[in-house]
Amino acid sequence: MRAALILVDIQNDFLPGGALAVPEGDEIVPLINKIQAQFDLVLATQDHHPANHGSFAANHQGRQPGDIIDLDGLSQILWPVHCVQGSHGAAFSNDLDMKRVTKVFTKGENPNIDSYSGFFDNGKRQKTGLGDYLKERGVERVYIVGLATDYCVKFTALDAVDLGFETCVIKDATRAVNLQSGDFEKSLSEMERAGVKVIESIDV
Ligand code: VGL
Ligand code: ZN
């Protein structure tokens, strides 16, 4: 069965020191570099916002990160300004091996809607092209790693199942934002209930 590895949002702003740092996010990078050798197709997603993006608290008067608003009809958690197109924060970690990454799928470019999944925006209004790319290449199984377990990894995995891919999340190659303690475990159970296989890197 043809398999692909998807590297989700391994960008400076999601690593320690970044604007939306995921605790221990840097710890997964060496592991991800190592497991890439086991796949003949490696792809990456990139959170890629314009400065006026509606998910940034700074773009809403009197709002703070963590507040929830309505954004064009969808419930939206507000975040610090992060992954602005062209910034250092939006760039992939220098420690991430990108030599084997065939294609990068950007997301979050429309200021009026957020895009956690690497496949669609949060309203499923537009595709990124990742699903068609995988299907055109005969990929049937996807392995997902990266940041953050409870947001972009989770939504990418749920959409992968919906699109009919056998979907594995490599648990030790992801880390969670954990806005609430326990969100890591909660997101893993939610994915498992939806049909995602949660595995360890030694089982790849
Ligand atoms: C993400 C929050 C906002 C992620 C992206 O990559 O998990 N989280 N934008
Ligand atoms: Zn974002």
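Counting restarts for each chain, with residues numbered from 1 along the sequence as it is written. Labels are handed out in written order, letters beginning with A for the chains and numbers beginning with 1 for the ligands. Local features in this predicted model are restricted to residues whose pLDDT is 70 or higher, and side-chain atom pairs enter the listing and the counts only when it is 80 or higher, whereas totals over whole chains, interfaces and linings include all residues.

An unreviewed UniProt entry annotates the protein as nicotinamidase originating from Agaribacillus aureus. UniProt positions are given in the numbering used here, feature names are shortened, and annotations may be inferred rather than shown by experiment. Per UniProt, the comment on the protein under Sequence similarities (unreviewed entry) is "Belongs to the isochorismatase family." According to UniProt, the comment filed for the protein under the heading Pathway (unreviewed entry) is "Cofactor biosynthesis; nicotinate biosynthesis; nicotinate from nicotinamide: step 1/1."

Visitor: Help me out: how do you make sense of the overall build of the protein in this one?
Guide: Numbering of helices and strands runs from the N terminus; a helix is a DSSP stretch of H or I covering at least four residues, while a strand is a stretch of E covering at least two. Counting its secondary structure elements, the protein contains four helices and eight strands. The secondary structure elements of the protein, listed N-terminal to C-terminal, are β-α-β-β-β-β-α-β-α-β-α-β. A compact globule built from 204 residues would reach a C-alpha radius of gyration of about 17 Å, and the protein, at 16 Å, matches this within 12%. Dimensions of the protein along its principal axes, counting C-alpha atoms only, are 50 × 35 × 30 Å. Remark: C-beta atoms are placed from the backbone, and a residue is labelled buried if 20 or more other C-beta atoms sit within 10 Å of its own, exposed if 12 or fewer do, or partly exposed between those counts. Out of the 204 residues belonging to the protein, those deemed buried represent 43%. Note on contacts: each residue gets a C-beta atom placed from the backbone, and two residues are in contact if those atoms are within 7 Å. Once local pairs closer than 6 in sequence are excluded, the contacts in the protein between residues at least 24 apart make up 70%. As a reference, a globule follows 2.2 Å times the number of residues to the power 0.38, and the radius of gyration itself is taken over C-alpha atoms.

Visitor: Can you walk me through the pairing of strand β6 (residues 141-147) in this structure?
Guide: Every regular strand shows the same layout, with side chains that alternate between the two sheet faces. The element β6 is extensively covered by neighbouring structure, given that six of its seven residues are classed as buried. Between any two strands, pairing holds if DSSP finds at least two bridges. With six bridges joining them, strand β1 (residues 3-8) and β6 adopt parallel strand pairing. Paired with A4 across the bridge in β6 is V142. Examined bridge by bridge, β6 and strand β7 (residues 166-175) share six bridges and lie parallel to one another. If you follow V142 over to β7, its bridge partner there is T167. Think of it like this: strands point away, you trace from the first strand over the helix to the second, and a clockwise trace means the crossover is right-handed. Handedness of the crossover joining β6 and β7 through helix α3 (residues 149-162): right-handed.

Visitor: Got a minute to help me understand helix α4 (residues 183-193) in this structure?
Guide: An α-helical turn contains 3.6 residues, so any two residues separated by three or four positions project in the same direction. Of all the positions in α4, only S187, L188 and M191 are classed as buried. Viewed along the axis of α4, the buried residues span an arc of 100 degrees, placing them on a single side of the element. Of the exposed residues in α4, those oriented more than 90 degrees away from the buried face are S189 and R193. Turning to α4, the residues buried within the fold contact α3, β7 and β8 (197-199). One or two residues past the end of α4 sits G195, with phi positive at roughly 105 degrees. The arc in question is formed by the directions pointing from the helix axis toward the C-beta atoms.

Visitor: Would you mind going over the environment of N110 with me for this structure?
Guide: Of note, N110 is situated in the loop between β5 (101-107) and α2 (130-136). The exposure class of N110 is partly exposed, given the 17 C-beta atoms found within 10 Å. Once the C-alpha coordinates of N110 and L188 are considered, the two residues, 78 residues apart in sequence, prove to be 28 Å apart.

Visitor: I tried to follow the sheet that holds β1 on my own but got confused; where do I start?
Guide: In any sheet, the strands associate via hydrogen bonds between backbone groups, in a parallel or an antiparallel arrangement. Taken together, six strands build an open sheet; the order of strands is β5-β2-β1-β6-β7-β8 and the sheet is parallel. Every interior strand has two partners, whereas the edge strands, β5 and β8, have only one. Recorded for the sheet is a direction-independent mean angle of 25 degrees between the axes of neighbouring strands. Taken together, the three bridges between β7 and β8 define a ladder with parallel strand orientation. Bridge assignment links V169 to a residue of β8, and that residue is V198. What counts as an axis is a line fitted to C-alpha atoms, over the stretch in contact for a helix, and the angles between N-to-C directions run from 0 to 180 degrees.

Visitor: Just checking my understanding: could you explain the packing of α3 against α4 for this structure?
Guide: Angle between the axes and distance between the axes are the two parameters that describe a pair of packed helices. α4 packs onto α3 with a crossing angle of 5 degrees between their chain directions and a minimal axis gap of 10 Å. One element, α3, and the other, α4, form an angle in the roughly parallel class. Residues T149, D150, K154, A157 and L158 of α3 form the contact with α4, whose own contacting residues are D183, F184, S187, E190 and M191. Residue type decides the class: Asp, Glu, Lys and Arg count as charged, Ala, Val, Leu, Ile, Met, Phe, Trp, Tyr, Cys and Pro as nonpolar, and the leftover types, Gly among them, as polar. The residue inventory of the contact of α3 with α4, partitioned by class, reads four nonpolar, two polar and four charged. Any angle that is under 35 degrees is reported as roughly parallel, and any over 145 degrees as roughly antiparallel; angles of 65 to 115 degrees are reported as roughly perpendicular and all others as oblique.

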